Amino acid sequence: MVGDVTTSLMSKPGPPYAKKGPMKLRLGFLASHVGSNLQAIIDACRSGRLAADLCVVICNNSRAQAFERARRAGIATRHLSSHTHPSEEALDAAILQTLREHEVNLIVLAGYMRKLGGRTLAHYRGRVLNIHPALLPKFGGPGMYGARVHEAVIAAREKESGATIHLVTEEYDQGPIVAQRRIALLPGDTAESLAARVLEVEHALYPDTLARIARGEIALLG
Ligand code: GRF
């Protein structure tokens, strides 16, 4: 591990950056597939490393493994997708309603393969986190997900990669960076080997960052 960087969201002056101090986290998750980051957060709560209420897991894919993980942990689940809600607006409204019903105060995107709708984003502005498997602002944006990210990092002969947690805005991967953790690339790294090491970093970085937000060490916008 090469190091940890946290941006100075806390040092930005005046409203809307004024919220400081500890925060009782009520997390709502959106996921699409495996949910290993969700699992890492569940495990961190169990072990006492993170104090947070895990309120609801929303998946757009009814067969997502994330649902199984949520059910095993006793977290409410909701399948909301273009199948359940063919209109974009209705889907956005249903997601927002579900999050509000569960009194979620921070949205955690954990491998969610869709864009969050405008109403949800507006309601939770500055309160939506995503994790990306590279050091943003490099290697992000539309189409940059999964193996493609790691292939691009290797092709660019980068010396390091890592994981980034950022606030979600309308544009993919462009919101303010909240935390990053770096790892060195190793000789002979493939997209697969790099992906596995970065995922390990993600599993530590997401719970750690949430714990720092809960303790008031990182203040969110809004
Ligand atoms: C992670 O690599 C994350 O960076 C990206 O999607 C992947 C999700 O993995 N946004 P999982 O579903 O948490 O296992």
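These remarks concern the structure in this document. Computed from a prediction, not measured in an experiment: that's the story for all the values here.

Rules behind the numbers
- Note that residues are indexed from 1 along each chain, following the sequence as it is written.
- Local features in this predicted model are restricted to residues of pLDDT 70 or higher, and side-chain atom pairs are both shown and tallied only at a pLDDT of 80 or more, whereas totals for entire chains, interfaces and linings draw on every residue.
- Only hydrogens and water are removed before side-chain values are computed, so all heavy atoms of the structure are retained for them.
- When a carboxyl oxygen of Asp or Glu is within 4 Å of a side-chain nitrogen of Lys or Arg, the pair counts as a salt bridge.
- Secondary structure elements are taken from DSSP: a helix is a run of H or I of four residues or more, a strand is a run of E of two residues or more, and numbering for both begins at the N terminus.
- Each residue gets one of three labels from its accessible area relative to the maximum for its type: buried under 20%, exposed over 50%, partly exposed in between, using a 1.4 Å probe on protein chains only.
- We call a pair of cysteine sulfur atoms a disulfide whenever their separation is within 2.5 Å.
- Strand pairing requires that DSSP identify at least two bridges connecting the strands.
- When the strands point away from the viewer and the connection leading from the first strand across the helix to the second strand turns clockwise, the crossover is called right-handed.
- Helix axes are fitted to C-alpha atoms over the stretch in contact, other axes to C-alpha atoms as well, and angles between N-to-C directions run from 0 to 180 degrees.
- Geometric relationships in this document are graded by angle, where less than 35 degrees denotes roughly parallel, more than 145 denotes roughly antiparallel, 65 to 115 denotes roughly perpendicular, and other angles denote oblique.
- Note on convention: near helix rotated counterclockwise from far helix by under a right angle means a left-handed crossing. Clockwise means right-handed.
- In what follows, a contact means two residues having at least one pair of non-hydrogen atoms within 4.5 Å.
- Charged residues are taken to be Asp, Glu, Lys and Arg, nonpolar residues to be Ala, Val, Leu, Ile, Met, Phe, Trp, Tyr, Cys and Pro, and polar residues to be all remaining types, Gly included.

Structural notes on the pattern of salt bridges
Stage number 1. On inspection of all chains with the given rule, the structure shows 13 salt bridges.
Stage number 2. Its salt-bridge partner being Glu68, residue Arg71 comes within 3.1 Å of it at the nearest N-O pair. Separated by 3 residues within a single helix, Arg71 and Glu68 lie in helix H2 (residues 65–72), roughly one turn from each other.
Stage number 3. Look at Arg71 and you get partly exposed, because its relative accessible area is 44%.
Stage number 4. Of the residues examined, Glu68 reaches a relative accessible area of 40% and is grouped as partly exposed.
Stage number 5. When salt bridges that share partners are traced, they join Lys24, Arg26 and Asp53 into one network.

Looking at the state of the cysteines
Stage number 1. Applying the stated criterion across every chain yields a total of 0 disulfides.
Stage number 2. Distance from the sulfur of Cys45, which forms no disulfide, to the nearest cysteine sulfur (Cys55) is 10 Å.
Stage number 3. Overall, Cys55 belongs to the buried group, its relative accessible area being 9%.

Points about the pairing of strand E4 (residues 76–79)
Stage number 1. The pairing of strand E3 (residues 52–59) with E4 spans 4 bridges and is parallel. Along E4, the bridge assignment pairs Ile58 with Arg78.
Stage number 2. A crossover links E3 with its parallel partner E4, the connecting element being H2, and its sense is right-handed.

Looking at the packing of helix H1 (residues 36–47) against H2
Stage number 1. Where H1 contacts H2, the two axes come as close as 9 Å, and the packing angle between them is 15 degrees. Judged by the angle between their axes, H1 and H2 are roughly parallel. Our pair here, H1 against H2, has a crossing hand that is left-handed. On the side of H1, the interface is formed by Ser36, Leu38, Gln39, Ile42 and Arg46, while H2 contributes Ala66, Arg69, Ala70 and Arg72.
Stage number 2. In terms of residue class, the contact of H1 with H2 is made up of 4 nonpolar, 2 polar and 3 charged.

Purely geometric stuff here, so don't read any function into it on its own.
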